[in-house]
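Report on the structure
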Amino acid sequence: MKKRILTGLQASGTLHIGNYFGALKPLVDLTNQDDNEVLLMVADYHAITSLKDATELKTNIYNIVRDYLAAGVDPKKVILFRQSDNQDHMELGWIFNCLVTVPFLMQAHSYKDKVAKGLEPNAGLFTYPMLMAADIALYNTDIVPVGEDQRQHIEYTREAVTKFNNAYGKTLKEPKELVVAGVGIVPGTDGQKMSKSYKNTIPLFGTREEIQKAVMSIVTDSSGDRPLNVYNIHHVIYRALGKSQDELDALYHEHAGKYKALKDILVDDIETVIGPMRAKRELITDDEIRAVLADGAIRAKAISNPMIEKIRKAVGIAL
Ligand code: ADP
Ligand code: TRP
């Protein structure tokens with residue numbers, strides 16, 4: 001039996017190579033395994049809990065799909081769709097809202113964190129975990145690949161499913177989380193974790209010039225003859241190229257003390273890894289994206305429609 005895997009995609013701004021090696025690539029690799037049936041959902045209804053700009057939301061939706069397609073998602077294999085194209089999510093989300101309690105939702109870390117960061121505590125943000133539980137339960141999902149920060153949301157999903165099954169009879173499946181492990185933490189140009197909030201990133205889909213500029217700005221420590229920050233980023237890129245640490249050590253030995261030369265090689269190597277993805281990304285048109293999402297919506301609904309019928313019967317709203 002194929003395992004059904006579902007995850008939600010959120011806009012993450014302009015992606016950097018830390019996002020790619022830490023999150024995108026492991027997920028894309030998972031979608032390319034034949035023994036899985038994978039659904040990737042653009043969580044646009046979730047996005048409006050915090051984003052109130054229509055133009056920006058629209059741009060984000062196109063960009064997320066474009067990024068994942070460029071990174072290697074095959075829309076023939078994967079069901080790539082938008083949450084808002086399938087109203088079954090809303091309906092089950094509401095039913096879950098009627099099963100869980102306010103004190104339970106108040107314990108959610110992500111809600112508390114977002115409010116602590118100054119986000120408006122709107123009711124959508126508060127009930128966010130129940131829409132997410134619906135996204136998952138609607139497709140009889142077995143496995144949900146997520147980042148560590150989303151683990152509690154999967155626990156919340158299991159709780160909502162259990163409450164439903166206890167109230168209405170066993171109808172829904174309890175999912176398991178899969179915390180996707182990338183290559184570990186990719187360091188930024190200053191040696192800290194690469195993060196958009198630290199402005200120390202190397203852009204994933206940047207031009208060669210942008211990559212070059214970022215690489216040249218890598219802070220080189222002058223202790224010893226090996227520039228550690230350059231080496232650590234190179235290490236991640238070398239792995240992606242299928243080369244060994246011994247080969248990397250030999251390269252740094254050969255060019256000991258020649259920081260500029262090593263940075264030039266790093267630029268070339270990054271270009272080898274991401275150049276083809278960037279080229280692919282540039283060719284993906286908005287029409288193509290709309291066609292992928294329309295096809296995804298049909299395939300998603302083919303799974304969820306019979307499920308929501310079962311749910312309605314169980315609840316007593318199908319006469
Ligand atoms: P940022 O730190 O740039 O704001 P996000 O928090 O939006 O990045 O992260 C999106 C995803 O990318 C998460 O799954 C996160 O684990 C991963 N990620 C972000 N930065 C790195 C990094 N430097 N190394 C590895 N993975 C990362
Ligand atoms: N909340 C998730 C995040 O912030 C996105 C998401 C929405 C999701 N619905 C989902 C993830 C369903 C997994 C399954 O990353």
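Residues numbered from 1 in each chain as written. Chains lettered and ligands numbered in written order. Predicted model: local features only at pLDDT ≥ 70, side-chain atom pairs only at ≥ 80, totals over all residues. Heavy atoms only, no water.

**Some words on the site of ligand 2**
Cut-off, in case you're wondering: One heavy atom within 4 Å of a molecule or strand is enough for the residue carrying it to be called near that molecule or strand. Note that accessible areas follow from Shrake-Rupley with a 1.4 Å probe, and for residues the cover is restricted to the protein chains shown. A run of H or I in DSSP counts as a helix once it spans at least four residues, and a run of E counts as a strand once it spans at least two, with each numbered from the N terminus.
What surrounds ligand 2 is a group of 14 residues, the closest being Gly8, His46, Tyr128, Asp135 and Gln150. Here ligand 2 has 370 Å² of accessible area as a free molecule, and 90% of this is covered by the chains. Among the elements of the structure, strand S1 (3–9), helix H7 (123–137) and strand S4 (143–146) are those that each provide at least two residues to the shell around ligand 2. It is H7 that contributes the most residues to the shell around ligand 2, four residues altogether.

**Considerations on the side chain of His234**
Condition: Burial classes: relative accessible area under 20% of the type maximum marks a residue as buried, over 50% as exposed, and values in between as partly exposed (1.4 Å probe, protein chains only). In the analysis that follows, any N or O atom pair within 3.5 Å is treated as a polar contact, provided that within protein one partner can donate a hydrogen and the other can accept it, and provided that, for residues neighboring in sequence, both atoms belong to side chains. Should any heavy atoms of two residues lie within 4.5 Å, those residues are considered in contact.
With respect to the secondary-structure elements, His234 resides in helix H10 (residues 228–240). Taking relative accessible area as the criterion, His234 reaches 0% and is therefore assigned buried. One polar contact links His234 to Tyr252, side chain to side chain, over a distance of 2.7 Å. In this structure His234 touches Leu248, Leu251, Tyr252, Leu262, Ile265, Leu266 and Asp269, once residues within four positions along its chain are discounted.

**Some remarks on the nonpolar core**
Applied cut-off: We define the nonpolar core as a collection of buried residues of types Ala, Val, Leu, Ile, Met, Phe, Trp, Tyr and Cys that are connected through side-chain atoms lying within 4.5 Å of one another. Note that the domain bounds reflect an automated or database-derived domain assignment.
Counting 56 residues, the largest nonpolar core has Ile17, Ile202 and Leu204 as its most contacted members. Mapping this core onto the domain boundaries places at least three of its residues in each of domain 1 (3–184 + 285–315) and domain 2 (196–281). Setting aside chain neighbours within four positions, we find Leu204 in contact with Leu15, His16, Ile17, Tyr20, Leu24, Ile274 and Met277. Among the nonpolar cores identified, the runner-up in size contains 39 residues, and Phe96, Leu125, Phe164 and Ile308 belong to it.

**A short note on the site of ligand 1**
Put simply, the test is: When residues are sorted by character, Ala, Val, Leu, Ile, Met, Phe, Trp, Tyr, Cys and Pro go into the nonpolar class, Asp, Glu, Lys and Arg into the charged class, and all the rest, Gly among them, into the polar class.
The environment of ligand 1 is made up of 13 residues, and the closest members are His16, Val186, Met194, Ser195 and Lys196. Contact distances for ligand 1 include 3.0 Å between an oxygen atom and a side-chain N or O atom of Lys193. A distance of 2.7 Å is found between an oxygen atom of ligand 1 and a backbone nitrogen or oxygen belonging to Lys196. For ligand 1, whose free accessible area comes to 540 Å², the fraction covered by protein is 70%. Each residue belonging to the shell around ligand 1 can be placed in one class, and the counts come to four nonpolar, seven polar and two charged.

**Comments concerning helix H1 (residues 17–31)**
Quick note on the threshold: One less than the residue count of a helix, multiplied by 1.5 Å, gives the span that helix is expected to have. In this analysis the local bend is the angle between axes fitted, respectively, to the seven residues ending at and the seven residues starting at the residue.
Taking 1.5 Å as the rise per residue, H1 with 15 residues should run 21 Å; its terminal C-alpha atoms sit 19 Å apart, in good agreement. Along H1, the largest kink reaches about 40° and is centred on Leu24; proline Pro26 follows within four residues of it. Within H1, eleven of the 15 residues are buried, leaving the element largely enclosed by the surrounding structure. Every buried residue of H1 is listed here: Ile17, Gly18, Asn19, Tyr20, Phe21, Leu24, Pro26, Leu27, Val28, Leu30 and Thr31.

**Focus: the layout of surface pockets**
Threshold: Whether a set of points on the 1 Å grid over the protein atoms alone is a cavity depends on a 1.4 Å probe fitting there but being unable to get out, while an open set qualifies as a pocket with protein on both sides within 12 Å along at least five of seven lines; lining residues are those with an atom within 4 Å of a point. Grid points are joined across faces, edges and corners, and a volume is the space filled by probe spheres set on the points.
Taken as a whole, the second largest pocket spans an internal volume of roughly 240 Å³. What lines the second largest pocket is a set of 14 residues, among which Met90, Asn97, Gly124, Thr127 and Leu131 lie closest to the centre. Of all elements in the fold, only helix H2 (44–47), helix H4 (88–97) and H7 reach the threshold of two or more residues within the lining of the second largest pocket. In the lining of the second largest pocket, the residues fall into seven nonpolar, seven polar and no charged.

**Structural notes on the domain arrangement of the chain**
Heads up, the condition is: Accessible area that two parts lose when put together, with a 1.4 Å probe and added across both, is what the buried area reports. For salt bridges, the criterion is a side-chain nitrogen of Lys or Arg within 4 Å of an Asp or Glu carboxyl oxygen.
Split by domain assignment, the chain resolves into domain 1 (3–184 + 285–315) and domain 2 (196–281). Computed from C-alpha coordinates alone, the two centres of domain 1 and domain 2 are separated by 34 Å. Taken together, the contacts link 15 residues of domain 1 with 15 residues of domain 2. Of the roughly 1,400 Å² buried where domain 1 meets domain 2, counting both sides, 70% is carbon and sulfur surface. Contact with domain 2 buries area across many residues of domain 1, yet Ile17, Phe21 and Ala70 alone supply 38% of it, more than any other trio. Taken together, the links from domain 1 to domain 2 amount to one salt bridge. With a closest N to O distance of 2.7 Å, Arg281 and Asp67 form a salt bridge. The tally of links between domain 1 and domain 2 comes to six residue pairs in polar contact (both at pLDDT 80 or more). Those elements giving two or more residues to the side of domain 1 that touches domain 2 turn out to be H1 and helix H3 (54–70).

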